[in-house]
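Analysis of the macromolecular model
Chain residues, written in single-letter form:
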Amino acid sequence: MEPPDSSVQSPDFVSLELTVENVEKALQQLYYDPDMEHKNVAQKWLTQAQTSRQAWQFCWPLLSPDKLPEIQFFGASTLHTKISCHWADLPTDQHQTLRMQLLSHISHFSSGPKMVLTRLCVALASLALHTMPQGWPQAVADMVRVYQPEKAGDQGGSQGGAGVGGGGGAEEEVNAHAHCLALLELLTVLPEEFQSCRLPQARRAQLREALAGEWTAVCPLLRQLLQRQEGNSQVKERALRCLSSWVGLDVPLHGESEGLLQDCFAALSDPELFDTAVETIVSSISQPDCQRYTDALVNLMPLVLGLHDQLKAAARDGDMETSHGICRIAVALGETHSRTLLEQVEHWQGYLALVKMILFCTGIPGHYPVNETTSSLTLTFWYTLQDDILSFEEDKQVVYLQVYRPVYFQLVDVLLHKAHFPSEQDYTSWSSDDKEQFRIYRVDISDTLMYVYEILGAELLSNLYDRLGRLLMDTERPTAWQDTEALLFGFQAIAETIDVNYSDVIPGLIGLIPRISISNIQLADTVMYTIGSLAEWLADHPMMLGNVLPMVLQGLVKAELSVSSVSTLKRICRECRHDLAPYIHDIMTVSQDVLVKDIHKSSQCMWLMQGLGFLLSALPMEEILGSLTTLLTPHIQRLDTLAHQEPSPTAKLSIIHILGMLSSLFTTLDISRQDEGSEGTTPAQARPNPVVVVLQQVFTLIQTILSKWLSDSEVVEAVCGVFERSVKTLLNDFAPMVQQLSEMLGQIYSAFPQASALDLTRQMVHIFAGEKDHFSPIQALIELVTSTTLSIFQQGPREHPDIVESFMQLHAQALKRKPDLYLSDHQDVKALFYCGVLSLKFPETPTTKSACMFFMELVCHCGDIPPIGQVLQRDGKLLVHTVLEIVGSQSLCCLTEHFSEVLFCLNRHCPVLLAQWLKEGLRVPGFPSAQVSMEQKDTFSQQLLREQTNKRRVKEIVKEFSLLCRGMQGTTGYSADY
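The rules behind these values
- Residues numbered from 1 in each chain as written.
- Predicted model: local features only at pLDDT ≥ 70, side-chain atom pairs only at ≥ 80, totals over all residues.
- Heavy atoms only, no water.
- UniProt positions renumbered as here; feature names shortened; annotations may be inferred.
- Helix = DSSP H or I, 4+ residues; strand = E, 2+ residues; numbered from the N terminus.
- Phe/Tyr/Trp six-rings, centres within 6.5 Å; stacked < 30°, edge-to-face > 60°.
- Lys NZ or Arg CZ within 6 Å of the ring centre and 35° of its normal.
- Buried < 20%, exposed > 50% of the residue type's maximum accessible area, 1.4 Å probe, protein only.
- Salt bridge = Lys/Arg side-chain N within 4 Å of Asp/Glu carboxyl O.
- Axes fitted to C-alpha atoms, helices over the stretch in contact; angles between N-to-C directions.
- Left-handed = near helix turned anticlockwise from the far one by under 90°.
- Contact = heavy atoms within 4.5 Å.
- Nonpolar A, V, L, I, M, F, W, Y, C, P; charged D, E, K, R; others polar.
- Expected span 1.5 Å × (residues − 1).
- Core = buried A, V, L, I, M, F, W, Y, C linked by side-chain atoms within 4.5 Å.
- Parallel < 35°, antiparallel > 145°, perpendicular 65-115°, else oblique.
- Bend = angle between axes of the 7 residues up to and from the residue.

The name given to the chain in an unreviewed UniProt entry is Importin-13, and the organism recorded there is Oncorhynchus mykiss. Quoted straight from UniProt, the Sequence similarities (unreviewed entry) entry for the chain says "Belongs to the importin beta family." Recorded under Subunit (unreviewed entry), the UniProt text for the chain is reproduced unchanged: "Interacts with UBC9, RAN, RBM8A, eIF-1A and PAX6."

Under the feature "domain: Importin N-terminal" (unreviewed entry), the UniProt entry names residues 42–108. Along residues 42–108 the backbone is 73% helical and 0% strand, and the end-to-end C-alpha distance reaches 29 Å.

A few words on the packing of aromatic side chains. If you walk through the whole model with that rule in mind, you get 19 aromatic pairs. Measuring from centroid to centroid gives 4.2 Å for Y368 and Y441, while their planes differ by 20 degrees, and the two rings are stacked. You can see Y368 sitting in the loop between α17 (348–362) and α18 (379–390) and its partner Y441 sitting in helix α21 (residues 432–456), a full 73 residues away along the chain. Of the aromatic side chains, those joined through ring pairs into one cluster are Y368, F421, Y427, W430, F438, Y441 and W481. Lying across the ring of F194, R204 places its NZ or CZ 5.0 Å from the centre.

So, about unusual backbone geometry. The omega torsion across G112 and P113 is -5 degrees, close enough to zero to call that bond cis. Its location among the elements puts P113 in the loop between α5 (95–108) and α6 (114–131). Here the bond from Y368 into P369 is cis, since omega is 0 degrees, no more than 30 degrees from zero. Mapping P369 onto the fold places it in the loop between α17 and α18. Positioned with a positive phi, D598 is a non-glycine residue whose angle comes to about 55 degrees. Note on placement: D598 falls in the loop between α29 (584–596) and α30 (602–617). Judged by its relative accessible area of 55%, D598 is exposed. With a phi angle near 55 degrees, L731 is a residue other than glycine that sits in the positive phi range. For L731, the position within the fold is in the loop between α34 (713–730) and α35 (738–751). Residue L731 is classed as partly exposed on the basis of its relative accessible area, which comes to 43%.

Now for the pattern of salt bridges. Across all of its chains, the model carries 32 salt bridges by this definition. For E485, the salt bridge is made with R442, and the minimal N-O distance between the two is 2.6 Å. Taken together, the positions of E485 in helix α23 (residues 481–495) and R442 in helix α21 put the pair 43 residues apart, joining distant regions of the chain. Per residue, the accessibility class of E485 equals that of R442, and both read buried.

Our next topic: the packing of α21 against α23. Contact pair α21 / α23: the axes reach a minimum separation of 8 Å and the direction vectors enclose 65 degrees. In the crossing of α21 with α23, the sense of the turn from one axis to the other is right-handed. Residues R442, I445, S446, L449 and Y453 of α21 form the contact with α23, whose own contacting residues are E485, F489, G490, A493 and I494. Along the lines of polarity and charge, the residues of the contact of α21 with α23 split into six nonpolar, two polar and two charged.

Next up on the list: α23. Its 15 residues give α23 an end-to-end C-alpha distance of 21 Å, which sits within 8% of 21 Å, the value for a rise of 1.5 Å per residue. Among the 15 residues of α23, 14 are classified as buried, and the element is accordingly described as predominantly covered.

This part takes up the environment of H308. Tracing the backbone shows H308 in helix α14 (residues 308–317). Sequence-wise, H308 and R966 are 658 residues apart; in three dimensions their C-alpha atoms are separated by 57 Å.

Moving on to the nonpolar core. Core analysis: the biggest nonpolar cluster contains 312 residues, and W246, Y404, F723 and L906 have the highest contact counts within it. Filtering out sequence-adjacent residues up to four positions away, F723 remains in contact with L695, F699, I702, F734, M737, L741, M744 and L760. Core analysis: the next-biggest nonpolar cluster, separate from the first, contains 13 residues, A49, A55, F58 and L62 among them.

Now for the packing of helix α3 (residues 55–62) against helix α4 (residues 69–85). With their axes 8 Å apart at the nearest point, α3 and α4 run at an angle of 150 degrees to one another. Of the possible angle classes, the one that applies to α3 and α4 is roughly antiparallel. The way α3 lies across α4 gives a crossing that is left-handed. Of α4, the residues touching α3 (which contributes A55, W56, F58, C59, W60 and L62) are I71, Q72, F74, G75, T78, L79, K82 and I83. In terms of residue class, the contact of α3 with α4 is built from 10 nonpolar, three polar and one charged.

Moving on: the side chain of E724. Residue placement: E724 occurs in helix α34. You can call E724 buried: its relative accessible area is 19%. Ignoring anything within four residues of it in the chain, the contact list for E724 reads D759, L760 and Q763.

Here we come to the side chain of Q522. By the element assignment, Q522 lies in helix α25 (residues 521–533). For Q522, a relative accessible area of 18% translates into the label buried. Apart from the residues within four sequence positions on either side, Q522 is in contact with F421, Y427, W481 and E485.

What follows is about helix α31 (residues 621–643). Taking 1.5 Å as the rise per residue, α31 with 23 residues should run 33 Å; its terminal C-alpha atoms sit 31 Å apart, in good agreement. Remark: the principal bend of α31, roughly 45 degrees, maps to L632, with a proline, P634, within the next four residues. Regarding α31, the residues found buried are M621, I624, S627, L628, L631, L632, H635, L639, L642 and A643. Taken together, the buried residues of α31 touch α29, α30, α32 (649–668) and α33 (690–709).

Dropping the structure here:
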């Protein structure tokens, strides 16, 4: 293709007449012009050309043999576009002619180019779907007759003119081969086009039935091609792919179809066809509809079992592709049809053999994912099998368990072996991606062991315990650390999800754990996680804490065990906090030491502080403050030093880290339960909460930090986080600090508005706005942040979607908790209303949702708060107009739901006004969309106004109207995804 003509460029191009010559020029510009703007202009023009009525004519010259493949492809694509999307434009008397033209062109392009042939086949497939079964009965049979291999050199069979004239024998053979491949391409894309096109449900069912009826023409052809001894591998591969396409139509698996599937098994012996044959077999037997053909499934079992020797040889030789493929076939049959095959009791030995074949696949030699990738395919099968066995009636269960429990015991051995870590030398050589895949694989094994427990019960734990005991007690025989780690991993997998509180082996396990010689990080991690998984059991058996807690504290001082040791200590502190008094000194000492020495990363420090919060919560009140002071003093001193330094990136990270630790600690340090049922002690109201005491002590320090870092949103967010976590945990106990925190928040936000300050204000409103003693500072704070935010709206809020979102959430909360706040003369309700309307138009989904929440709460108070009622009566029309505009043009489905709730609230609280606003807004021509008629708008209005109690129905009405506005009415398939 030559470079584009310099005259064919720029926006002037759009005015060109729709001719074949101009289409070719546009394609030249699209493919070869280096200017992206010119490419886009050409693309837009070509798209419009494809939808024009002239496209029915200009597409054929583009398919001339002398044209370049790019031009021919566009011609074929245009044909498909016209047939699939503009079929109604074509008169009925031209359907036959179009079919003949397509059949003829497919013949001419049967030798290529492939991309053009495929598009023509898709176009003919689309035509067939439009005309079957009335307009083109036996369409598939006709296609087969036109292009069938033995007549490929004829002049087109029943359709006439579709074939290519014969020449010499060699040429005729080439034509026959090309026609055969073209036919297979056509038969392959036909079901695919059916699956991808949007059709009404009734029409889809009609077409599915018609296509299934045509299977009798396809199946013999595919069998004929697969059984040819001298057959070309390319033809056989296309035949296999064709079968894969048709099985999605639920074609029957009995009779000749069963023979065709057996032919696919025969193709497995050809290395060139192996992968395609596997895909075809798997897709065929994975169809749920196959369960209707029980005899066929039973007959397939010997074929699958016949692959076992090939599977063993592949595993022995390290042939991963072959073992992977055979495993997929075995799992597809065993998993998809597990219950059906279990019910065939007369063939129980065959299915048991298949289960053992899958067990072999699970235990295939090598480490996943470096040496093998097959075993992971089998794990869901074991869940399906146990689920199906346990779904039978009890008397049948007994029989099946007698057969399959021994298999599941073997499975435990296999899974634990597969969970083994490789040698340290090998593991070091693995890539980070391989290590991550292995970690995920072990998680999957852990889940599978949980399912195995459903079959084996407590006997599984006893089995694991006996094996671990023999390993640890036999000092004469050296054992690999991987064996110990795998058994502990098994215990942990079960204890994480199953209630082991009544197991009689856990005390013995707790006794064995200290005997483990830990010489490896992986083993040490698993020991930690195993202890953590038993935290609830330890809470019921606190006398056993002394056996394992020292090991956890030893692990805590090692950076390489950071995640496992910290998470385990946190779990123990949470579950066993009331029984840790004898160990609290050791826990606090070690924890303080590792925190001061920065042994752990920031996230683990947060976890550790949360654990210590649980621990301190259980102390007597008189001891908490002292322990808290001891724990925090080094960090507060460090924070004081940082507060007086000049701002720097290093100082910033340290400040955020220390504030984060305070937030984490205050999240879990909750002493409220100590007040319940306590006798002879000072009431909670008479003694200050230790957290409040600490916050009051550091308040001045925090103000000093803010004085230097006020413009840094991350530092301000960290400061607000400390107080927000404290407020959420302490609730009313935070009352002594409401006044000073309200003042500080006002100062922060006035100087440098940030969303985190608004979020903290919202928490304060939620808890204290309803308290008479705190109403005044809360009211002053809200008025101050509102005044500041209104200034942002006046300057242009578009650059601050986070502030707008938090501002809307704040006022939604205030309206919900204390609507009296809006009786104040200092609260500009009208300005708030207009801010809300602007917020509705933000493209950010969370911001729009928050604005909808604000209006839902606002509308609810139009009757009891006069300023709100006055604003709504005066400006409500603007709100309704804005909602309709957004619903009719741009809102996503998830947002349409929120807008519908605003309309629902309006209809409940001011239906007369809403009716008036709808009438005034919807009678404007073209509003909210030119796609809807006045009649449709009237229907929408009437339906909406009728529903004052059924919120779900209102959502449906608004959603349907939104689709109508965008010309998508009746597009059920689209609206489901949209």
